[in-house]
Amino acid sequence: MPQLLDTDLHAAVEDAAAHLYVWALKDIPQDLRDALRDAAGRETSVPGQRVLSTILRNVEVADSERNLVCQDTGIAVYTCRVGEHFPLHPARIYEALRDGTARATLEHPLRSNAVHTITRENTGPNVGHRLPIVHWEFVPDWDGLDVKCVPKGSGSENMSFLKMCVPADGVVGIKKFVLESIVGAGGKPCPPGIVGVGIGGSADYAMYLAKEAIARPIGTRNADPVVAQLEDELFGLLNETGIGPMGLGGDVTVLNCHIEHADTHMTLNPVAVNYQCWAARRATAHIAADGAVDYDREA
Ligand code: SF4
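Residues numbered from 1 in each chain as written. Predicted model: local features only at pLDDT ≥ 70, side-chain atom pairs only at ≥ 80, totals over all residues. Heavy atoms only, no water.

This part covers the side chain of T253. By the secondary structure assignment, T253 is in the loop between α8 (225–238) and β6 (254–262). A polar side-chain atom of T253 sits 3.3 Å from the main-chain amide nitrogen of I243. Among all residues touching T253, those that are not within four sequence positions of it are I182, P191, P192, G193, L238, N239, T241, G242, I243, G244 and Y275. (Helix = DSSP H or I, 4+ residues; strand = E, 2+ residues; numbered from the N terminus. Polar contact = N/O pair within 3.5 Å; in protein donor to acceptor, adjacent residues only side chain to side chain. Contact = heavy atoms within 4.5 Å.)

Here's what the structure looks like:
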């Protein structure tokens, strides 16, 4: 078998990134479609019902016109699981993700959202200094690469909150902070969406965990039964706030609540909240060491 060149694998990852970014923006996962339909069936307020039926119609139009579900193409955020034997170095994987993001933006074309954070000047086709954002996980005894693309709209990303609770605040303090955050956010993050909560670790890691939480398929539960119970409890409490679809009042404020957690210092209790709007877009590619790509909308 001819040896696979780095350039071939670079091209495979770049193509995958270009495809994932556009695909995620156009074709939302089945679990999200089901959750939105279920929400429309549960909502009893008239404005809430109108919002949800408009959202469902929006999804139908995006499907039939092969167009974006929302105009905000977000910032491209990728999560990479890299096998220790995957034959392309992470530095080259990053280049390929950046090149694929830029190509998708220019070829589709997509709105270029990236700006210098001080001057506010556009930095290019959804790329710039440290953009796109890539999170890394390294997997022993494996030669594959999984890339998940989660374009993150600004309306929901602006509704991100961090509190360094103290251990004495306990679980009550965690619940209070999550509820206060979502009530304060009101209609701004385009509800109903997914509330991601990160608990433990450090300040930065808690927010990273909250971001991981919003990228899970809707309604999946944390493997730790204690944390899973808190997910169920918060899901119920958040829907009792009455904020409703787009903040217009109603029964459905969130589609679900996911929590990711890490062990922490005995004097720390960090809690982060990251909101994902109703357009909870995500798409994944599994890339083999020989460059074969398998796309997966449901991961
Ligand atoms: S928050 Fe989400 S649904 Fe609202 S405008 Fe941004 S991407 Fe679109």
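Remark on secondary structure: sheet strands pair via backbone hydrogen bonds, oriented parallel or antiparallel. Across the sheet, five strands lie side by side as β2-β1-β3-β8-β9; this open sheet has mixed pairing. Two strands in the sheet have a free side with no partner beyond their single neighbour: β2 (133–139) and β9 (293–296). Averaged over all adjacent pairs, the angle separating strand axes in this sheet is 15°, with direction ignored. Sheet topology note: the strand β1 (residues 77–83)/strand β3 (residues 145–149) ladder contains five bridges and is antiparallel. The residue of β3 that forms the bridge with T79 is K148. (Pairing = 2+ DSSP bridges. Axes fitted to C-alpha atoms, helices over the stretch in contact; angles between N-to-C directions.)

Bringing helix α1 (residues 6–26) into the picture now. Its 21 residues place the ends of α1 30 Å apart at the C-alpha level, agreeing with the 30 Å of an ideal helix rising 1.5 Å per residue. For α1, the tally of buried residues reaches 15 of 21 residues, placing the bulk of the element in the interior. (Expected span 1.5 Å × (residues − 1). Buried < 20%, exposed > 50% of the residue type's maximum accessible area, 1.4 Å probe, protein only.)

Contact geometry for α1 and helix α4 (residues 90–107): axes closest at 7 Å, N-to-C directions at 45°. Classified by the angle between their axes, α1 and α4 sit oblique to one another. As α1 packs across α4, the resulting crossing turns out to be right-handed. Taken together, the residues of α4 that come into contact with α1 (itself represented by H10, V13, E14, D15, A17, A18, Y21 and V22) are R92, I93, E95, A96, L97, D99, G100, T101, R103, A104 and T105. (Parallel < 35°, antiparallel > 145°, perpendicular 65-115°, else oblique. Left-handed = near helix turned anticlockwise from the far one by under 90°.)

Mapped onto the fold, A215 is located in the loop between α7 (203–214) and α8. Looking at A215, the relative accessible area reads 8%, which means it is buried. With 19 residues separating them in the primary sequence, A215 and G196 have C-alpha atoms 8.4 Å apart. Residue contacts for A215: discarding those within four places in its chain leaves K148, V150 and R282.

This part covers the packing of aromatic side chains. Scanning the entire structure with this criterion turns up three aromatic pairs. Summarising the aromatic geometry, the rings of W136 and F138 are spaced 6.3 Å apart at their centres and angled 5° between planes, so their arrangement reads as stacked. For W136, a relative accessible area of 30% corresponds to the partly exposed category. We classify F138 as exposed; its relative accessible area is 53%. (Phe/Tyr/Trp six-rings, centres within 6.5 Å; stacked < 30°, edge-to-face > 60°.)

Turning next to the pattern of salt bridges. By the definition in use, this model includes 23 salt bridges. Two residues, D15 and R103, come together in a salt bridge whose shortest N-O distance is 3.0 Å. Here the residue D15 occupies a position in helix α1, and R103 occupies one in helix α4, the gap between them amounting to 88 residues. For E157, the salt bridge goes to K152, with nearest N and O atoms at 2.9 Å. Look at K152 and you get buried, because its relative accessible area is 2%. Residues participating in the shared-partner salt-bridge network are D27, R33, D63, R297 and E298. (Salt bridge = Lys/Arg side-chain N within 4 Å of Asp/Glu carboxyl O.)

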